[in-house]
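Below, each chain spelled out in residue letters.
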Amino acid sequence: MLGSGEDLNQSLEKAGRVGDFFELAELMCLDALERNESCGGHFREEHQTPDGEALRDDDQYAYVAAWEFRGVGNAPVLYKEPLTFENVHPARRSYK
């Protein structure tokens, strides 16, 4: 039962949430494509060592990303805030 004009339409509300998840998934894909490296759970086959390990690029990608929504039909804008490491420094890990 979808309800009446006076009731909350829970099916419509859930459909809106699914739409939100698709928008988030699209943004996560855009963000992953911006990174030409492999790091942690973000692994790209074209960015790996000959041994199959993740090939990081900490000089280019040591930042926090924030994306600005520019309206429907417009590409989002990427803003970067550099990360500063004082006590712990990024290092390549081997999972073998």
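Look a little higher up for the structure.
Remember, it's a predicted structure, so these values are computed and weren't measured experimentally.

A few words now on a nonpolar patch on the surface. Taken together, Phe21, Leu24 and Met28 make up a surface patch of nonpolar side chains, about 350 Å² in accessible area. Met28 gets classed as exposed once you look at its relative accessible area, which sits at 55%.

Counting buried residues along strand E2 (residues 77–82), only zero of its six residues qualify, which leaves the element largely exposed. With six bridges connecting them, strand E1 (residues 63–68) and E2 associate as antiparallel partners. Across the sheet, Tyr63 pairs through a bridge with Pro82, a residue of E2.

Under the counting rule described, the total for this entry stands at five salt bridges. With its nearest N and O atoms 3.4 Å apart, the salt bridge here joins Arg17 to Asp20. Remark: Asp20 and Arg17 occur in helix H1 (residues 10–34); sequence separation between them is three residues, near one turn of the helix. For Asp20, a relative accessible area of 39% puts it in the partly exposed group.

Here the focus is the side chain of Thr49. Note that Thr49 resides in the loop between H1 and helix H2 (58–61). Among all residues touching Thr49, those that are not within four sequence positions of it are Ala54, Leu55 and Arg92.

Looking now at the packing of aromatic side chains. Under the defined criterion, the tally for this structure stands at one aromatic pair. Judged by centre distance (6.1 Å) and plane angle (45°), the rings of Tyr61 and Tyr63 are tilted. A cation over a ring is seen here: Arg35 above Tyr63, with NZ or CZ 5.3 Å from the ring centre.

Conventions adopted
- Residues numbered from 1 in each chain as written.
- Predicted model: local features only at pLDDT ≥ 70, side-chain atom pairs only at ≥ 80, totals over all residues.
- Heavy atoms only, no water.
- Patch = residues over 30% accessible without salt bridge, like charges linked within 9 Å, V, L, I, M, F, W, Y side chains within 5 Å.
- Areas by Shrake-Rupley, 256 points an atom, 1.4 Å probe, with all protein chains shown as cover.
- Salt bridge = Lys/Arg side-chain N within 4 Å of Asp/Glu carboxyl O.
- Buried < 20%, exposed > 50% of the residue type's maximum accessible area, 1.4 Å probe, protein only.
- Helix = DSSP H or I, 4+ residues; strand = E, 2+ residues; numbered from the N terminus.
- Pairing = 2+ DSSP bridges.
- Contact = heavy atoms within 4.5 Å.
- Phe/Tyr/Trp six-rings, centres within 6.5 Å; stacked < 30°, edge-to-face > 60°.
- Lys NZ or Arg CZ within 6 Å of the ring centre and 35° of its normal.

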